[in-house]
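# Residue-level structural notes
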Amino acid sequence: MAKPQVVVAPVLMSKLSVNAPEFYPSGYSSNYTESYEDGCEDYPTLSEYVQDFLNHLTEQPGSFETEIEQFAETLNGWVATDDALQELVELIYQQATSIPNFSYMGARLCNYLSHHLTISPQSGNFRQLLLQRCRTEYEVKDQAAKGDEVTRKRFHAFVLFLGELYLNLEIKGTNGQVTRADILQVGLRELLNALFSNPMDDNLICAVKLLKLTGSVLEDAWKEKGKTDMEEIIQRIENVVLDANCSRDVKQMLLKLVELRSSNWGRVHATSTYREATPENDPNYFMNEPTFYTSDGVPFTAADPDYQEKYQELLEREDFFPDYEENGTDLSGAGDPYLDDIDDEMDPEIEEAYEKFCLESERKRKQ
């Protein structure tokens, strides 16, 4: 049987690394290679290619939507063995748990590949191998939570990545409905137990971060099943605040989390339609977040899980920093551009609009 031919955009590797040449995986079209000059033989390995792409996403998360399809297509022509699939899973897992800002992007990447990678060997498909890899860390949770500082730090990175996976990994049911992985929900509950059972400051901070990230979704899921797990967690937090030897700052963080939960995790429930909402009939009137729009016109607010990425794309699209080159060089002249911007006076029209907004807000609050 002839090997499948994979068409890979020759500019892809150039985008990922200026030092990495274009490549072709095994089974690649021989006609394509004829376009290369003789002597160009230093092609990257699978590991190098994947790592380049992961680093590229870390530096430019906004490129995910435009380049993920090509990345998956390339992997489908290259990842043809159990070992290669295992290597792919490990590379993504390590990036997601060693680079703090990559846990969310890593979870999105895992979700996409779980639905678009065609290889499914006897050892398990991409999602199954990923969950097996996570289980390896999960099984040593109790030892990790009470380990040394380095061990705990690695454990916390795993916990937060698993939280992102729970929010982003989509499982298709037998009827085609999309759900979250229940096994991850159970896992997060036990990870919280491990963190609260060892109430050191960094463990408690990790628990706060995890609950800020997933608390509303977890509580909704538990309520649907008639479970009171969140009530038990809040009670445990209150016990920690009263009894544990944690620092004052951490106790304040825990109390703020309890307060956040009491406000339904900061979610706004409209008491009337948006146009009819007033300070008199909507207690959340002043809590409504501003609404932004993506380049496709899709609305989003700060409550959206992928708010940071969308907002960064918005900043890049609007070019709020025209005096900077891509590498951060100041093009406006001498001095500190950041401080210079602070010293600049506000545009008169913007200043007038801002003053009107403040006056109107104060008037409404006094009503």
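Relevant structure appears above.
Residues numbered from 1 in each chain as written. Predicted model: local features only at pLDDT ≥ 70, side-chain atom pairs only at ≥ 80, totals over all residues. Heavy atoms only, no water.

## As for the overall build of the chain
In terms of regular secondary structure, the chain is built from 16 helices and four strands. A buried classification covers 39% of the 367 residues belonging to the chain. If you take every contact in the chain between residues at least 6 apart in sequence, the share linking residues at least 24 apart comes to 61%. When the accessible surface of the chain is summed, it comes to about 22,300 Å², and 49% of that surface belongs to carbon and sulfur atoms. (Helix = DSSP H or I, 4+ residues; strand = E, 2+ residues; numbered from the N terminus. Buried < 20%, exposed > 50% of the residue type's maximum accessible area, 1.4 Å probe, protein only. Contact = heavy atoms within 4.5 Å. Areas by Shrake-Rupley, 256 points an atom, 1.4 Å probe, with all protein chains shown as cover.)

## Here we look at helix α11 (residues 201–224)
Its 24 residues place the ends of α11 32 Å apart at the C-alpha level, agreeing with the 34 Å of an ideal helix rising 1.5 Å per residue. A positive backbone phi angle near 75° is found at G226, which sits one or two residues after α11. (Expected span 1.5 Å × (residues − 1).)

## Digging into the side chain of S63
Within the element layout of this structure, S63 appears in the loop between α3 (46–59) and α4 (64–78). Those residues in contact with S63 that lie beyond four places of it in its chain are H56 and L57.

## A short note on the environment of L131
Along the chain, L131 falls in helix α7 (residues 126–138). L131 sits 52 residues away from I183 along the chain, and the two C-alpha atoms are 9.2 Å apart. If we skip the residues at most four places from it in the chain, L131 touches L169, I183 and L184.

## A few points about the packing of aromatic side chains
In this structure the tally under the stated criterion is four aromatic pairs. An angle of 40° between the planes, with centres 5.6 Å apart, marks the rings of Y49 and F71 as tilted. Placement of Y49 in helix α3 and of F71 in helix α4 is noted, with a sequence separation of 22 residues between them. Grouping residues by exposure puts Y49 and F71 together as buried. Where F53 meets F71, the ring centres are 3.9 Å apart and the plane angle is 10°; that geometry is what we call stacked. Taken together, the positions of F53 in helix α3 and F71 in helix α4 put the pair 18 residues apart, joining distant regions of the chain. One exposure class covers both F53 and F71, and it is buried. (Phe/Tyr/Trp six-rings, centres within 6.5 Å; stacked < 30°, edge-to-face > 60°.)

## Quick look at the packing of helix α6 (residues 103–116) against helix α9 (residues 149–168)
Here α6 crosses α9 at 45°, and the two axes come no closer than 8 Å. As far as their axial angle goes, α9 and α6 are oblique. Crossing handedness for the pair α6 and α9: right-handed. Contacts from S103, Y104, G106, A107, R108, C110 and N111 of α6 reach α9 at F161, E164, L165 and N168. Here the residues of the contact of α6 with α9 sort into five nonpolar, four polar and two charged. (Axes fitted to C-alpha atoms, helices over the stretch in contact; angles between N-to-C directions. Parallel < 35°, antiparallel > 145°, perpendicular 65-115°, else oblique. Left-handed = near helix turned anticlockwise from the far one by under 90°. Nonpolar A, V, L, I, M, F, W, Y, C, P; charged D, E, K, R; others polar.)

## Observations concerning the packing of α3 against helix α5 (residues 82–98)
Contact pair α3 / α5: the axes reach a minimum separation of 10 Å and the direction vectors enclose 30°. Accordingly, the angle class assigned to the pair α3 and α5 is roughly parallel. Of the two possible hands of crossing, α3 and α5 adopt the one that is right-handed. Along the contact surface, α3 presents L46, S47, V50, Q51, L54, N55 and T58, while α5 presents A84, E87, L88, L91, I92 and Q95.

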